[in-house]
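Summary of structural features
Below, each chain spelled out in residue letters.
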Amino acid sequence: MVEVRFELNGETIITKEDPTKRLLDVIRTSFGLTGPKEGCGEGECGGCAVLIDHKIMNACITPLGNVHGKSVVTIEALAKTQRGQTIRKAFETHGAVQCGICTPGMVIATESLLHANPNPTEAEIREGLSGNLCRCTGYNMIVKAILSLVEKEGSLW
Amino acid sequence: MVNTHYPTSYEEALELLSIYKPTIIAGGTDLMVRKRAWSDLPTSFDRDILLVGQLEELNYIDRQGSNIHIGAGVTLEDIMDHFHTPTLLSEAVKIMASPAIRHSATLAGNVVNASPAGDTLPVLYVLNSVVVLESVEGIRHVPIDTFITGPGKTIINDNEMIKEIILSGHKFNHSVYRKVGGRKADAISKLSVCMIMDIKKGIIQNFRAAFGAVGPTVVRDVTIESKLIGKSLVWLDENIEEIGKWYEQIIKPIDDQRSSASYRKACTINLLTDFIKHIKHHA
Ligand SMILES: Cc1cc2nc3c(=O)[nH]c(=O)nc-3n(C[C@H](O)[C@H](O)[C@H](O)COP(=O)(O)OP(=O)(O)OC[C@H]3O[C@@H](n4cnc5c(N)ncnc54)[C@H](O)[C@@H]3O)c2cc1C
Ligand code: FES
Ligand code: FES
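Per-chain numbering applies: the sequence of each chain, read as written, is numbered from 1 onward. Each chain gets a letter, beginning with A, and each ligand a number, beginning with 1, in the order they are written. Given that this is a predicted model, residues contribute local features only at a pLDDT of at least 70 and side-chain atom pairs are listed and counted only at 80 or more, while totals for whole chains, interfaces and linings are drawn from all residues. In computing side-chain values, all of the structure's heavy atoms are included and hydrogens and water are not.

Let's shift gears to the pattern of salt bridges. We define a salt bridge as a contact between a side-chain nitrogen of Lys or Arg and a carboxyl oxygen of Asp or Glu at a distance within 4 Å. According to the stated counting rule, one finds twelve salt bridges over all chains in the structure shown. For Glu 111 of chain A, the salt bridge identified is with Arg 83 of chain A, shortest N-O distance 2.7 Å. Linking Glu 111 of chain A in helix 4 (residues 103–116) with Arg 83 of chain A in helix 3 (residues 82–93), this pair joins segments that are 28 residues apart in sequence. Look at Glu 111 of chain A and you get buried, because its relative accessible area is 5%. The residue Arg 220 of chain B makes a salt bridge to Glu 225 of chain B at a minimum N-O spacing of 2.9 Å. Accessible area is worked out with a 1.4 Å probe on protein chains only. A residue is then buried under 20% of its type maximum, exposed over 50%, and partly exposed in between. On the basis of relative accessibility, which here comes to 25%, the residue Arg 220 of chain B falls in the partly exposed class. One salt-bridge network, held together by shared partners, links Arg 22, Asp 25 and Glu 38 of chain A. What counts as a helix is a DSSP run of H or I of at least four residues, what counts as a strand is a run of E of at least two, and both are numbered from the N terminus.

All names here are of chain B. Each pair of aromatic rings taken from Phe, Tyr and Trp, with Trp reduced to its six-membered ring, is defined by centres within 6.5 Å and is described as stacked if the planes are under 30 degrees apart, edge-to-face if over 60, and tilted in the remaining cases. Per the counting criterion, the structure on display carries one aromatic pair over all chains. Arranged with centres 5.3 Å apart and planes meeting at 65 degrees, the rings of Phe 211 and Tyr 247 form a pair that is edge-to-face. With Phe 211 in strand 13 (residues 203–212) and Tyr 247 in helix 11 (residues 240–250), the pair connects residues that are 36 residues apart, well separated along the chain. In this structure, Lys 227 packs its charged tip against the face of Trp 246, placed 4.2 Å from the ring centre. Placement of a positive charge over a ring is assigned whenever Lys NZ or Arg CZ falls within 6 Å of the ring centre and within 35 degrees of the normal to the ring plane. One residue, Lys 231, lies across the ring of Trp 235, its end atom 5.0 Å from the ring centre.

To continue, consider the domain arrangement of chain B. The parts lose accessible area when they come together, and the size of an interface is often stated as this lost area. Residues and elements named next belong to chain B. Reported domain spans reflect what an automatic or database domain assignment gives. One can read the domain layout of chain B as domain 1 (4–168) and domain 2 (174–282). Computed from C-alpha atoms alone, the centre-to-centre distance between domain 1 and domain 2 is 26 Å. Carbon and sulfur atoms make up 63% of the area that domain 1 and domain 2 hide from each other, which totals about 1,800 Å². Reported buried area values correspond to the accessible surface (1.4 Å probe) lost by two parts on association, with both partners' losses combined. Its largest share of buried area at the contact with domain 2, domain 1 owes to Ile 95, Pro 122 and Val 126, together 32% of the area lost on that side. Connecting domain 1 to domain 2 are one salt bridge.

The next subject is the site of ligand 1. Here a residue is considered near a molecule or strand provided that any single heavy atom belonging to it is located within 4 Å of it. Taken together, 29 residues sit near ligand 1, with Ile 24, Thr 29, Asp 30, Thr 106 and Asp 119 of chain B positioned nearest. Nearby residues around ligand 1 are contributed by chains A and B. Any pair of nitrogen or oxygen atoms within 3.5 Å is treated as a polar contact; in protein, a donor-acceptor pairing is required on top of that, and neighbouring residues in sequence qualify only through side-chain atoms on both sides. Ile 24 of chain B places a main-chain nitrogen or oxygen 2.6 Å from an oxygen atom of ligand 1. The separation between an oxygen atom of ligand 1 and a polar side-chain atom of Thr 106 of chain B is 2.7 Å. Methods summary: accessible areas were calculated by the Shrake-Rupley approach with a probe of 1.4 Å, and residue burial reflects only the protein chains presented. Relative to its unbound accessible surface of 1,000 Å², ligand 1 loses 92% to contact with the protein. Looking at the shell around ligand 1, the elements with two or more residues in it are strand 2 (23–25), helix 6 (107–113) and strand 10 (161–168) of chain B. At four residues, the largest contribution of residues to the shell around ligand 1 is made by helix 6 of chain B.

All names here are of chain A. With burial as the criterion, each face of strand 3 (residues 49–52) is covered, one bearing Ala 49 and Leu 51 and the other bearing Val 50 and Ile 52. Strand pairing requires that DSSP identify at least two bridges connecting the strands. Taking the residues between adjacent antiparallel strands as the criterion, strand 3 and strand 4 (residues 55–58) are bridged by two residues, where Asp 53 takes a positive phi near 45 degrees. By the bridge criterion, two bridges tie strand 3 to strand 5 (residues 71–73) in an arrangement that is antiparallel. Residue Leu 51 lies in a different strand from strand 5, and its bridge partner there is Val 73.

As a further point, take helix 1 (residues 23–30) of chain A. Residues and elements named next belong to chain A. Residues of helix 1 that are buried: Leu 23, Leu 24, Asp 25, Val 26 and Ile 27. Structurally, helix 1 contributes buried residues whose contacts are with strand 3 and strand 5. Remark: Gly 32 follows helix 1 within two positions and exhibits a positive phi of approximately 65 degrees. Throughout, a contact is declared for two residues whenever any of their heavy atoms are within 4.5 Å.

Our focus in this paragraph is the layout of surface pockets. Only protein atoms enter the 1 Å grid used here. Points where a 1.4 Å probe fits but cannot escape make up a cavity, open sets with protein on both sides within 12 Å along at least five of seven lines make up a pocket, and a residue lines them when an atom lies within 4 Å of a point. Grid points are joined across faces, edges and corners, and a volume is the space filled by probe spheres set on the points. Of the volumes computed, that of the second largest pocket is approximately 490 Å³. As for the second largest pocket, its lining consists of 23 residues, and the residues nearest its centre are Leu 113 and Glu 127 of chain A together with Glu 77, Met 80 and Arg 102 of chain B. Put simply, the parts of the chain that give the lining of the second largest pocket at least two residues each are strand 4, helix 4 and helix 5 (122–128) of chain A together with helix 3 (76–81) and helix 5 (99–104) of chain B. No other element matches helix 4 of chain A, which puts five residues into the lining of the second largest pocket. For this classification, Asp, Glu, Lys and Arg are treated as charged, while Ala, Val, Leu, Ile, Met, Phe, Trp, Tyr, Cys and Pro are nonpolar and the rest, including Gly, are polar. Looking at the lining of the second largest pocket, its residues break down into seven nonpolar, six polar and ten charged.

Structure (C-alpha cells):
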C-alpha cells in the first residue's frame, strides 16, 4: 500500500490516499483547510496557491504524491506568522483587498517572492504575481503593498 | 481499475514501467490539467499512473566536457537559476508560465508534451539536444528532432522514460531567444524563435535557427543553415532578403484563435532578419 508522508502546516502527515489525488482536494476535504480556493482548476489563476518548501505552487494541479518528504504551508499557517501578519497589514493599508477571493493566493505569492528575493524591483514583483489573477484591484494596489514591504520591512525576509 | 505506482528509486520506476506500461507524471502541469475531473473526484486516467516527481536521483544538472546533462526531475525554476544552464535556455524558461508552474514543471515534461508551442523546444533544437531514454532493456540516445514526430507525438516506447536531456554548453558569439505571445507570462506562444551565430575573422562558422509554433513541430533547416557557413559578413549583408525568402518557403504556420498565419510568418521573418542586421552592427 502506497504511503505519502509530508508536513502540513508543521504537522507530520502520513496518508494512504491515492497519490494522484489533487493536493487541493486533500487539503480542503481531508484536512478542512479552506483557505486555498478552487478558481480555474487549471493552474491559471493562483487561487489554490500553497507554499511547498517555501515555493508557491498550484495545489489544483499538484498530485499528492509530489509533496512526499516536503513541507506544505497554507494561508492558515502563514497568516499566524509575523511575516504573514506584516503582509496582511500592508495589503490592508494599500487597499489591496476588495472581494478577497484572490487574497490568500496573493499573500502566498508575496511570501514566496520575498523568500527568494527580499529586494525585488517593481518588475520582479509583477513577474512574481504573474500566476495570480485578481478581477478587482487592477493589481497596482497589490504591487504598492509589496513595494512598501520591501522598503519598510525588508529585514523580515 | 487504474492503479497508481509510486516508486522510491529510479530502478524501481523502470521495473514498474516494463510491467504495467503506465502513464508517467512528473510535475503534472500538463497531465493534471488534461485529465482533470471535478473537485474531489479521482483524476480521469485510463491507464495506470507512475509518479516520478519524487525521484531525487533524477534531480541533477551536470557538466560533462562541453555538454550539459539535465536530469528529467529538475524543475524549470531550478534550471533557470543554475550556473551550468545555457543562457538561451534560461531566457526561454524565465518567460514561461508563472512562478507556481515553473516550480513544478519539468523540461522532460515539456519535451514529451511536444506541443508546437512548447517554449523550450526551439532552444533544445538549436542546442542539438539529445533525449536519453531508458528502459530495463537499455539506454537510447535520440536527437530532439527525431524524438518529436508531430504535435503531441514522440517515438518514446511505453516501457521507456526520459532519464536526462543532454545539450550543448558551447558559448556562441551571437544568440537570441524571442517569444511573441499575448501576455508575457502565462501566455501560449504565438511564435518563438531561437537563433545563434559564430563568427571568426568576418567569416560565419556556425549558424542555426529554430522556429516554434509556426508548424506542427519546431522548424529547423540544416540545408539552409549550411548555405551560410563559410560566407563573409559582407555576403550576409547583401543576402538578408534572400535568406528571408528561403525561410518563407519552409515556414507554414496555421490560423488559430491565438494568431493568423500571415502575422506569424511576417513576424518570424522579421525576427530573423533583425537578428542578422544586429550581428552586422556588432560583429
Ligand atoms: C497555467 C499554465 C501555463 C503554462 N505555460 C506554458 C508556457 O508558457 N510554455 C510552455 O511551453 N508550456 C507551458 N505550460 C505547459 C507545461 O507547464 C509544460 O509543458 C511543462 O514543462 C510540463 O512539465 P511537467 O513536468 O509538469 O509535465 P507532466 O504534466 O508531468 O507530463 C507531461 C508529459 O510528459 C510526460 N513525461 C514527464 N516526465 C517524463 C519522463 N521523465 N519520461 C517520459 N515521459 C515523461 C508525461 O507522461 C506527459 O505525457 C503551461 C501549463 C499551465 C498549466
Ligand atoms: S484553481 Fe489552481 S490555479 Fe486556479
Ligand atoms: S480582490 Fe477580488 S479578485 Fe482580487
